[in-house]
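Coordinates in review
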Amino acid sequence: MTYKHLIYEVEETIGTLTFNRPKALNALNQELIQELGVVIDRVEADPDIKVLVLTGAGNKAFVAGADISELAEMNVLQAKQFSQIGQETFSRLESLTIPVIAAVNGFALGGGTEVALACDFIYASEKAVFGLPEITLGIIPGFGGTQRLARLVGPNRAKELIYTGTTVPAAQAEAYGIVNRIFAPEELMAGVMKTAKAMALKGRVSIRAAKEAVNTGLCADLETGCKIENNAFALCMASQDAKEGTQAFLEKRKPAFTGTLTK
Ligand code: CO8
């Protein structure tokens, strides 16, 4: 299947989704967000995909935000609906049961930072720039940025960035905890793929359980979070992978995970 604004490729067990509107610095228009939803459907339905990577076409931008030329023409209801569809799509991305890595290769502004924040973590090129500059357009982030950035870096840092619209280079974003690792531009994808492949070899059930425990637990108090972890841990113990992983350790060999539950 081909897309107008995205490229979706699969190599072995790793899917790579490339935002592909380089002339507009990969800005998110309504069609692109709809296509993103279709790719998420595909990833959800494909048990062979173990990790999803997001990146941007060209050497300048990951995503330079929502498409400002479209935004400028929207009335209140259209803008509200676009914000809601974007939020829902990014939440679906966040809720995928496999790891999702943002490979941020350039500008990640507005909706670009927002979609990267919906991924499990961010690896960035030295050239990457992050920020929520919507305030300079007389608006605010509308794809979950006020919520995810505040949860990640704390409310005070998030408010400073959002109220001023300041953009920050990769090194600053790393210091704030937005970015996990920084690479030379030509080494970014190799670094991302190395981590993706390492995660793809792990058990699907335990990866899913770990992601659910962290994500769902973060929305709860510590006691509830620990109960969520406890249930997720017990679920892992029902998997073939738990038997295989522990047995492989005892037999001093590498585990071969299948991602299946026992009956
Ligand atoms: N939307 C549409 N087109 C864009 C966007 C964008 N967000 N960003 C860049 N472009 C286009 C430019 O218009 C230009 O097109 P053209 O060649 O036809 O003139 C082309 O991309 C190249 O851009 P520049 O010439 O501006 O390149 P520079 O290197 O000079 O600057 C920047 C690069 C700094 C990234 C600059 O393009 C810029 O500031 N872009 C806008 C960044 C921004 O403000 N992003 C936030 C957008 S709002 C948003 O994301 C809200 C999300 C929530 C929406 C909720 C739904 C209602």
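Residues numbered from 1 in each chain as written. Predicted model: local features only at pLDDT ≥ 70, side-chain atom pairs only at ≥ 80, totals over all residues. Heavy atoms only, no water.

Mapping Thr16 onto the fold places it in strand β2 (residues 14-19). In contact with Thr16, other than residues within four places in its own chain, are Ile7, Tyr8, Glu9, Leu52, Val53, Thr55, Met189 and Met193. (Helix = DSSP H or I, 4+ residues; strand = E, 2+ residues; numbered from the N terminus. Contact = heavy atoms within 4.5 Å.)

What follows is about the pattern of salt bridges. For the coordinates displayed, the defined rule picks out ten salt bridges. Glu94 is the salt-bridge partner of Arg148, the closest N and O atoms lying 2.8 Å from each other. Linking Arg148 in helix α5 (residues 145-153) with Glu94 in helix α3 (residues 76-95), this pair joins segments that are 54 residues apart in sequence. Relative accessible area serves as the criterion here: at 13%, Arg148 is assigned to the buried category. The partly exposed category is assigned to Glu94, whose relative accessible area is 26%. A network of salt bridges, in which partner residues are shared, links Asp41, Glu44 and Arg92. (Salt bridge = Lys/Arg side-chain N within 4 Å of Asp/Glu carboxyl O. Buried < 20%, exposed > 50% of the residue type's maximum accessible area, 1.4 Å probe, protein only.)

Further remarks concern the sheet that holds strand β6 (residues 107-109). Judged by pairing direction, the sheet is mixed, and its four strands sit side by side in the order β4-β6-β8-β9 without closing on themselves. In this open sheet, the two edge strands, each paired with only one partner strand, are β4 (61-63) and β9 (167-169). The sheet shows a mean angle of 20° between the axes of neighbouring strands, taken without regard to direction. The sheet contact formed by β6 and strand β8 (residues 129-131) spans three bridges and is parallel. Considered in β8, the bridge of Ala108 is made with Phe130. (Pairing = 2+ DSSP bridges. Axes fitted to C-alpha atoms, helices over the stretch in contact; angles between N-to-C directions.)

Here six strands make up an open sheet; going across it, the order is β1-β2-β3-β5-β7-β10 and the pairing mixed. Looking at strand neighbours, the two that pair on one side only are β1 (6-11) and β10 (181-183), the edges of this open sheet. Going across the sheet, the axis of each strand differs from the next one's by a mean of 20°, ignoring polarity. Strand direction decides the pairing type here: strand β7 (residues 121-125) and β10, joined by three bridges, are parallel. Its bridge partner being in β10, Ser125 is matched across the sheet by Phe183.

What follows deals with the site of the ligand. Around the ligand sit 24 residues in total, of which Lys60, Ala64, Ala66, Ile68 and Gly111 are the nearest. At 2.6 Å, a side-chain N or O of Lys60 approaches an oxygen atom of the ligand. Measuring from an oxygen atom of the ligand, one finds a backbone N or O atom of Ala66 at 2.8 Å. Computed on the free molecule, the ligand has an accessible area of 1,100 Å², of which 63% lies beneath the protein chains in the complex. Of all the elements in the fold, those that place two or more residues in the shell around the ligand are α2 (68-71), α3, β6 and α4 (111-117). The leading source of residues in the shell around the ligand is α3, at three residues. When grouped by side-chain class, the residues that make up the shell around the ligand number 14 nonpolar, five polar and five charged. (Near = heavy atom within 4 Å. Polar contact = N/O pair within 3.5 Å; in protein donor to acceptor, adjacent residues only side chain to side chain. Areas by Shrake-Rupley, 256 points an atom, 1.4 Å probe, with all protein chains shown as cover. Nonpolar A, V, L, I, M, F, W, Y, C, P; charged D, E, K, R; others polar.)

Below, the discussion takes up the packing of helix α9 (residues 204-218) against helix α10 (residues 222-237). Remark: α9 packs on α10, axes separated minimally by 9 Å, with the N-to-C direction vectors making an angle of 170°. Comparing the axis directions of α9 and α10 gives the class roughly antiparallel. Seen from α9, the contacting residues are Val205, Ser206, Ala209, Glu212, Ala213, Thr216 and Gly217; seen from α10, they are Gly225, Ile228, Glu229, Ala232, Leu235 and Cys236. Residues of the contact of α9 with α10, tallied by class, amount to seven nonpolar, four polar and two charged. (Parallel < 35°, antiparallel > 145°, perpendicular 65-115°, else oblique.)

Moving on, we get to α3. Taking 1.5 Å of rise per residue, the 20 residues of α3 would be expected to cover 28 Å, and the 28 Å separating its terminal C-alpha atoms lies within 8% of that figure. Listed as buried for α3 are Phe82, Gly86, Thr89, Phe90 and Leu93. Projection of α3 onto a plane perpendicular to its axis shows the buried side chains occupying an angular sector of 95°, all on one side. Facing away from the buried side of α3 by more than 90 degrees, the exposed set consists of Val76, Leu77, Lys80 and Ser95. The opening residue of α3 is Asn75, an N-cap whose side-chain oxygen sits 3.1 Å from the backbone nitrogen of Leu77. (Expected span 1.5 Å × (residues − 1). Arc of directions from axis to C-beta.)

In this section: the domain arrangement of the chain. Domain annotation of the chain identifies domain 1 (6-200) and domain 2 (204-250). Each of domain 1 and domain 2 has a C-alpha centre, and the two are 27 Å apart. Contacts between the two partners involve 13 residues from domain 1, matched on the other side by five residues from domain 2. With both chains or domains summed, domain 1 and domain 2 bury close to 670 Å², and 49% of this area falls on carbon and sulfur atoms. The tally of links from domain 1 across to domain 2 stands at one salt bridge. The shortest N-O distance in the salt bridge between Asp120 and Lys211 comes to 2.9 Å. When grouped by side-chain class, the residues that make up the side of domain 1 that touches domain 2 number eight nonpolar, one polar and four charged. (Domains from an automatic or database assignment. Buried area = accessible area lost by both parts, 1.4 Å probe.)

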